[in-house]
Amino acid sequence: MNSVFKRIVSSVAIALASVGIAQAEAPKEIRLDYAYYSPPSLVLKRFGWLEQDLKTENIPVKWVLSAGSNRALEYLNSGSVDFGSTAGLAAVLSKANGNPIKGVYIFSRPEWTALVVPKDSPIKSIKDLKGKKVAATKGTDPFLFLLRSLHAEGLKKTDIEHVALQHADGRAALEQGKVDAWVGLDPLMAASEVEAGSKLIYRNVAYNTYGFLNVTEKFAKDHPDHVKKVIAAYEKARKWIIANPDETARIVSEEAKLALPVAKLQLTRNDFKNPVPGEEHVKAFKSAASILVEEELVKKGTDVNKVIDDLIEPSFAKAVVR
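K.L.:
Any chance you could break down the pairing of strand β7 (residues 161-164) for me, citing the residues and the numbers?
P.N.:
Two elements, strand β6 (residues 133-136) and β7, share 4 bridges in a ladder whose sense is parallel. By the bridge assignment for β7, Val-134 is matched with His-162. Between β6 and its parallel partner β7, the chain crosses via helix α6 (residues 141-152), and the hand of that crossover is right-handed.

Next up, the structure:
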């Protein structure tokens, strides 16, 4: 009888432990950023598809606006969001400096940054920036675009006067004549072109480093199935965007409070075809890694190539994307 009783108690304990594990696997809420430079996030937020998918589990969704990669990465590092939308190389830089994240999905392949000058500016090239005031947001693709562009022309950051401003403030400074050039970010860059006649005098799509959806390592470890559910919702948004470009432009216009022609211009500079992170992205980041070391943006001795390998995590997207 005592033996039977012990087996019953053991079985109940195992069952209760299993219930506890099951409960631990479901997050209390899922916190995502949305960003005007990420059209899929705007579409997903507008239609509430993720909320619908999580309704049976009673898991609420919280949306947080990111004004740039630097803000999204700050939110991820502080635990304010579980998922954040950033440029790929910005994510590499942040992870190299200790941010525990994984890049699990590509929300677009954009050309979202370029060198912008006022419509009547005499500046015609990167070399003309020497001694000039140039606005760019630290820790973002535009900032890294600037550094790479300078290096390609034999210039250094010290050859210009870098003015660290958030993207919207950089646009305002350019149009008000407070800086000579701005390394822009769409849709603000497109808006400056359409509304102020600003000119893109240097473009290089190879220096634009993909739109990454990143997740905290903790969330990925604790809730792998819910990472896949978020990616599945993003996949629905991506496919909808490809099938509905005009409606997408309208949503971007309304969400970002932009004129419709601005939203349409922004979308022409996005490629939504390849959402799975992989060797293409690893190769692109490793070719750009030297700039992070040369400009001392990472700690001395950091193995940036290893950081890149640790950042790119394709398994979640591969399980979802069809």
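Further notes follow.
K.L.:
Which residues make up the environment of Tyr-36, and what values go with them?
P.N.:
Within the secondary structure, Tyr-36 is located in the loop between β1 (30-34) and α2 (39-47). Overall, Tyr-36 belongs to the partly exposed group, its relative accessible area being 26%. Here the alpha-carbon distance between Tyr-36 and Pro-187, two residues 151 residues apart in the chain, equals 6.7 Å. Excluding its chain neighbours within four sequence positions, the residues that come into contact with Tyr-36 are Leu-42, Leu-65, Pro-187, Glu-255, Ala-256 and Gln-266.

K.L.:
Outline the packing of α2 against helix α11 (residues 245-255), supporting the account with residue identities and numerical values.
P.N.:
The interhelical angle for the contact between α2 and α11, taken along N-to-C directions, is 85 degrees, at an axis separation of 10 Å. Between α2 and α11, the angle is such that the two are roughly perpendicular. In this structure, α2 uses Pro-39, Leu-42, Val-43, Lys-45, Arg-46 and Phe-47 to contact α11, whose residues at the interface are Thr-248, Arg-250, Ile-251, Val-252, Glu-254 and Glu-255. Considering only residue class, the contact of α2 with α11 consists of 6 nonpolar, 1 polar and 5 charged.

K.L.:
Residues and numbers for helix α7 (residues 167-175), please.
P.N.:
Every buried residue belonging to α7 is among His-167, Gly-170, Arg-171, Ala-173 and Leu-174, and all of these are buried. The buried residues of α7 occupy an angular sector of 165 degrees when the element is viewed end-on, so they sit on one face. Tucked inside the fold, the buried residues of α7 contact β5 (115-117), β6, α6, β8 (181-183) and α8 (188-196). Downstream of α7 by one or two residues, Gly-177 has phi in the positive range, about 75 degrees.

K.L.:
Describe in detail the packing of aromatic side chains, supporting the description with residues and values.
P.N.:
What the rule picks out here adds up to 10 aromatic pairs. With a centroid separation of 5.0 Å and 65 degrees between ring planes, the pair formed by Phe-47 and Trp-240 is classed as edge-to-face. Taken together, the residues span a long stretch of sequence, with Phe-47 in helix α2 and Trp-240 in helix α10 (residues 224-243) at a distance of 193 residues. Between Phe-145 and Tyr-207, the aromatic rings sit 6.0 Å apart at their centres with planes inclined by 80 degrees, giving edge-to-face as the arrangement. In this pair, Phe-145 is assigned in helix α6 and Tyr-207 in the loop between β9 (199-202) and β10 (211-216), connecting sequence segments 62 residues apart. The class of Tyr-207 is buried, set by a relative accessible area of 16%. An aromatic cluster of three or more residues is present, and its members are Tyr-37, Phe-107 and Trp-112. Across the ring face of Tyr-34, the terminal group of Lys-45 is positioned such that the distance to the ring centre comes to 4.6 Å. Positioned over the ring face of Tyr-210 is Arg-109, at 4.2 Å from the centre of the ring.

K.L.:
Please give an account of the nonpolar core that cites residues and values.
P.N.:
One finds Leu-32, Phe-83, Val-92, Tyr-105, Leu-129, Val-227 and Leu-292 to be the most contacted residues of the largest nonpolar core, which totals 89 residues. Among the elements that line this core, the one with the most residues is α10, at 8 residues. Every residue in contact with Leu-129, bar those within four places of it in the chain, is listed here: Leu-115, Ile-123, Val-134, Leu-146, Leu-150, Asp-159, Ile-160 and Ala-181. Ranked by size, the runner-up nonpolar core spans 9 residues in total, among them Val-179, Trp-182, Met-189 and Leu-200.

K.L.:
Give a detailed account of the pattern of salt bridges, specifying residues and quantitative values.
P.N.:
The final tally for this structure, using the stated rule, is 19 salt bridges. Its salt-bridge partner being Arg-250, residue Glu-254 comes within 2.7 Å of it at the nearest N-O pair. With Glu-254 and Arg-250 both in helix α11 and 4 residues apart, the pair spans about one turn of that helix. By relative accessible area, which is 39% here, Glu-254 ends up partly exposed. Taking relative accessible area as the criterion, Arg-250 reaches 32% and is therefore assigned partly exposed.

K.L.:
Would you mind going over the packing of helix α5 (residues 88-96) against helix α13 (residues 279-294) in detail, with residue names and values included?
P.N.:
In helix packing, the relevant descriptors are the interaxial angle and the interaxial distance, both defined with respect to the helix axes. It is at 11 Å that the axes of α5 and α13 come closest, and there the two elements cross at 55 degrees. What the angle tells us is that α5 and α13 run oblique. Of the two possible hands of crossing, α5 and α13 adopt the one that is right-handed. Listed contacts from α13 to Gly-88, Leu-89, Val-92 and Leu-93 of α5 are Phe-285, Ala-288 and Leu-292. For the contact of α5 with α13, a count of residues per class yields 6 nonpolar, 1 polar and no charged.

Cut-offs applied
- Residues numbered from 1 in each chain as written.
- Predicted model: local features only at pLDDT ≥ 70, side-chain atom pairs only at ≥ 80, totals over all residues.
- Heavy atoms only, no water.
- Pairing = 2+ DSSP bridges.
- Helix = DSSP H or I, 4+ residues; strand = E, 2+ residues; numbered from the N terminus.
- Right-handed = clockwise from strand over helix to strand, strands pointing away.
- Buried < 20%, exposed > 50% of the residue type's maximum accessible area, 1.4 Å probe, protein only.
- Contact = heavy atoms within 4.5 Å.
- Axes fitted to C-alpha atoms, helices over the stretch in contact; angles between N-to-C directions.
- Parallel < 35°, antiparallel > 145°, perpendicular 65-115°, else oblique.
- Nonpolar A, V, L, I, M, F, W, Y, C, P; charged D, E, K, R; others polar.
- Arc of directions from axis to C-beta.
- Phe/Tyr/Trp six-rings, centres within 6.5 Å; stacked < 30°, edge-to-face > 60°.
- Lys NZ or Arg CZ within 6 Å of the ring centre and 35° of its normal.
- Core = buried A, V, L, I, M, F, W, Y, C linked by side-chain atoms within 4.5 Å.
- Salt bridge = Lys/Arg side-chain N within 4 Å of Asp/Glu carboxyl O.
- Left-handed = near helix turned anticlockwise from the far one by under 90°.

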